[in-house]
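Coordinates in review
Here's the letter readout for the chains.
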Amino acid sequence: SCLSIGIWVMRFYYTDGNATYFFLIWNLFLAWIPLGSALALWYLHQYTPWARVLQWPLLLGWFLFFPNAPYLVTDFLHLTERQHVPLLYDLLLIFSCAWNGLVLGFTALWIVQEVLTTQYNKGVSLFVVWLTLALSGFGIYVGRFLRWNSWDVLFNPHSLAADILPRLTDPFAYPRTLVVTLLFSTFLTLA
């Protein structure tokens, strides 16, 4: 993450303060949230078993923010030559952020899987992993194409539900939703 931020900072100075691609840094920050939640969950599980009731909000936060980590892969859509910066430089910037997003996401996923395996069993943990990866494909679609954010579940639930429920109840009426969800879910599962 420091390398990605460093690449962006050098670009910022090279372009005399142009903040192009700053959204990558924000998205990278959002990719850290599921890892932070997973680490807190692991800590509670290891050192404060009496506080298991706190594990549920952490697990929910991890689940809601998990798609932000692999979402960084979609930022390749923004790659274009800008401010006379070599395209290869911007490619490396986006790639490093996307790579970090995947590493952060899969690390968080592994931690949660280990906690759930220990606390419940391997079947429960594998089901949660599969469900998370399957729904993350949909979450990436919702973020990239419908432009909703994870926090909208809390701050704008009615509008969010109105936008996504038709896609869930009749997925074949929304082929783009179905294809993007399946592609990203499959990619994440294979990765």
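None of the values given here were measured: they were computed from a predicted structure. (Residues numbered from 1 in each chain as written. Predicted model: local features only at pLDDT ≥ 70, side-chain atom pairs only at ≥ 80, totals over all residues. Heavy atoms only, no water.)

**Here we look at the environment of F29**
The residue F29 is located in helix 2 (residues 22-47) in this model. Separated by 39 residues in the primary sequence, F29 and N68 have C-alpha atoms spaced 9.2 Å apart. (Helix = DSSP H or I, 4+ residues; strand = E, 2+ residues; numbered from the N terminus.)

**Quick look at the environment of N18**
Take N18: it is sitting in the loop between helix 1 (2-14) and helix 2. Classification of N18 as partly exposed rests on a relative accessible area of 27%. Residues contacting N18, with those up to four places away along its chain left out, are F12 and Q83. At a separation of 2.4 Å, a polar atom in the side chain of N18 contacts the side chain of T20. (Buried < 20%, exposed > 50% of the residue type's maximum accessible area, 1.4 Å probe, protein only. Contact = heavy atoms within 4.5 Å. Polar contact = N/O pair within 3.5 Å; in protein donor to acceptor, adjacent residues only side chain to side chain.)

**A few points about the confidence of the model for the chain**
Scored by pLDDT, the chain comes out at a mean of 96, with 100% of its residues at no less than 70. The secondary-structure element of the chain with the lowest mean pLDDT is helix 7 (residues 152-155), recorded at 94, while helix 1 shows the highest, at 98. (pLDDT = per-residue confidence, 0-100.)

**Remarks on the nonpolar core**
One broad rule of soluble globular proteins: the nonpolar side chains tend to lie buried together. Within the largest apolar cluster, 40 residues are counted, with the highest numbers of intra-cluster contacts made by L24, W62, L93, V112 and V142. Going through the elements one at a time, helix 1, helix 2, helix 3 (55-65), helix 4 (68-71), helix 5 (87-119), helix 6 (122-144), helix 8 (157-169) and helix 9 (175-190) are the ones with two or more residues in this core. Among the elements that line this core, the one with the most residues is helix 5, at 11 residues. Those residues within four positions of V112 in sequence are excluded, and the remaining contacts are A38, L41, L59 and W62. (Core = buried A, V, L, I, M, F, W, Y, C linked by side-chain atoms within 4.5 Å.)

**What to know about the packing of aromatic side chains**
Throughout the structure, instances matching the rule amount to 14 aromatic pairs. Ring centres of F127 and W130 lie 6.3 Å apart, and the angle between their planes is 35°; on these two criteria the pair is classed as tilted. Highlighted residues: F127 and W130, both in helix 6, separated by three residues, approximately one helical turn. Where F138 meets Y141, the ring centres are 6.5 Å apart and the plane angle is 25°; that geometry is what we call stacked. Residue F138 and its partner Y141 are located together in helix 6, separated by three residues, close to a single helical turn. Under the relative-accessibility criterion, F138 is labelled buried at 12%. You can call Y141 buried: its relative accessible area is 4%. Three or more aromatic residues joined by ring pairs make a cluster, and in this case those are W8, F12, Y13 and F22. (Phe/Tyr/Trp six-rings, centres within 6.5 Å; stacked < 30°, edge-to-face > 60°.)

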